[in-house]
Each structure stands twice: as C-alpha cells, then as structure tokens.
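Tertiary structure, described
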Amino acid sequence: METSDTTTAQAPEVPAALHDFAMQFTSTPRGARLARRLVSHRLDQWGHPYGSPVNETLTLIAAELTSNAVRHGHVPGRDFHLRLTAAPDALRVEVTDTRTEQVPPSSVHEAPCDAESGRGLLLVARLATRWGTDPRPAAPGKTVWAELSPAAACPAARISAPASPDVRSGG
C-alpha cells in the first residue's frame, strides 16, 4: 500500500496542486469504502469540513468512481489507485483500475425507472464540473477522473441541472 500527501506539480493539463493524496486500495467493496472515507478525511484536513457541500459532493463522486472500479474494473489480484488533488480553482479525484475493455461511455443517459443500477455516472456527470477517462500510461487499464470547482459545489442545484460534462477518451 502506498500513500503520499505532499505538495507537487501536476501534468501540464492540470494546474499545480496545493495538496496531493494518493493511495492504492484492494479492489473490494471494503477498499472502495475506505477510499471514500479517506477522501472525506483529506478534504476536511484541507479546509473543506465534513458536511460542507464541497466535502459531501466530492466524497459522493469518489464513492461512485471507486465503486465502479471495484464492480466493472476489477481484475483478480489487482488493486485500484485513487488520487485526490486540490488546486486553487478545482479539486480532482482520479480512480485508476487495470481493466482496459470496460471504459465508461462518453455520454451518460438516465437509466430506465425499473433499472437496479446505471445511475452512478449520471450522478458524476451532474455533480462534477468536468469528468472523463484517460488510458493508463504504459500499462493496461484506465483512469476515470472528475473535477469539482469549489464555487460550483451546490449538490441540489447541480443534480437538477442538465449535464454537460467535458468527457475525453483517449489522451
């Protein structure tokens, strides 16, 4: 298990991070739960208190992405990786798994009323400022990421608003 909480620079497309947390988790429901809790805890440490719209919204997004990594991206014996960064204008959560063929669709639609699943990415699309997928560099798999502008973190308003995610696939 690796963990870090340092001040580092991001790739050129992402602004320099004020905070960075990364950790590997077992690809199990327990690993997804722990990841969600640690996201909430780090956000609290970084000035976004438990119960605040930013903390609750990004924790929900992280819960959906980690749950999807466990459910759809699981490869036996392989873990998933979570990274959380805070830049001045955005918070970003990235979840990387090792399954290449299970890439989220480039657009999400509302699931039928009687469907028992299929609403997770719709929530991510509605709550996040931007979200998308990138191939995992130099290894099989993918990274699903979502960004949240702290100024836009009003869950009730975003869920009812039409989705317009910036979905990228490829790199």
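For the structure itself, look to the data block above.
Please read these numbers as outputs of a predicted model, since none were measured by experiment.

Remarks on the nonpolar core
Most often, soluble globular proteins have nonpolar side chains that are buried together. Counting residues in hydrophobic clusters, the biggest one holds 33 residues, and the most contacted among them are Ile 61, Leu 65 and Val 93. Secondary structure elements with two or more residues in this core: strand S2 (19–25), helix H1 (29–45), helix H2 (53–72), strand S3 (80–86), strand S4 (91–97), helix H3 (120–127) and strand S6 (142–148). Among the elements that take part in this core, H2 stands out by supplying seven residues, more than any other. When near neighbours in sequence (up to four residues on either side) are disregarded, Ile 61 contacts Val 93, Val 124, Leu 127, Ala 128 and Ala 146.

Regarding the pattern of salt bridges
On inspection of all chains with the given rule, the structure shows five salt bridges. Note that Arg 83 is salt-bridged to Asp 20, the shortest N-O span being 2.8 Å. With Arg 83 in strand S3 and Asp 20 in strand S2, the pair connects residues that are 63 residues apart, well separated along the chain. Residue class for Asp 20 comes out buried when judged on its relative accessible area of 4%. Glu 147 is the salt-bridge partner of Arg 92, the closest N and O atoms lying 2.6 Å from each other. Of this pair, Arg 92 sits in strand S4 while Glu 147 is found in strand S6, placing the two residues 55 residues apart along the sequence. Residue Arg 92 is classed as buried on the basis of its relative accessible area of 5%. On the basis of relative accessible area, Glu 147 is assigned to the buried category, the value being 11%. Here the residues in one salt-bridge network are Arg 92, Glu 94, Arg 130 and Glu 147, joined through shared partners.

Analysis parameters
Residues numbered from 1 in each chain as written. Predicted model: local features only at pLDDT ≥ 70, side-chain atom pairs only at ≥ 80, totals over all residues. Heavy atoms only, no water. Core = buried A, V, L, I, M, F, W, Y, C linked by side-chain atoms within 4.5 Å. Buried < 20%, exposed > 50% of the residue type's maximum accessible area, 1.4 Å probe, protein only. Helix = DSSP H or I, 4+ residues; strand = E, 2+ residues; numbered from the N terminus. Contact = heavy atoms within 4.5 Å. Salt bridge = Lys/Arg side-chain N within 4 Å of Asp/Glu carboxyl O.

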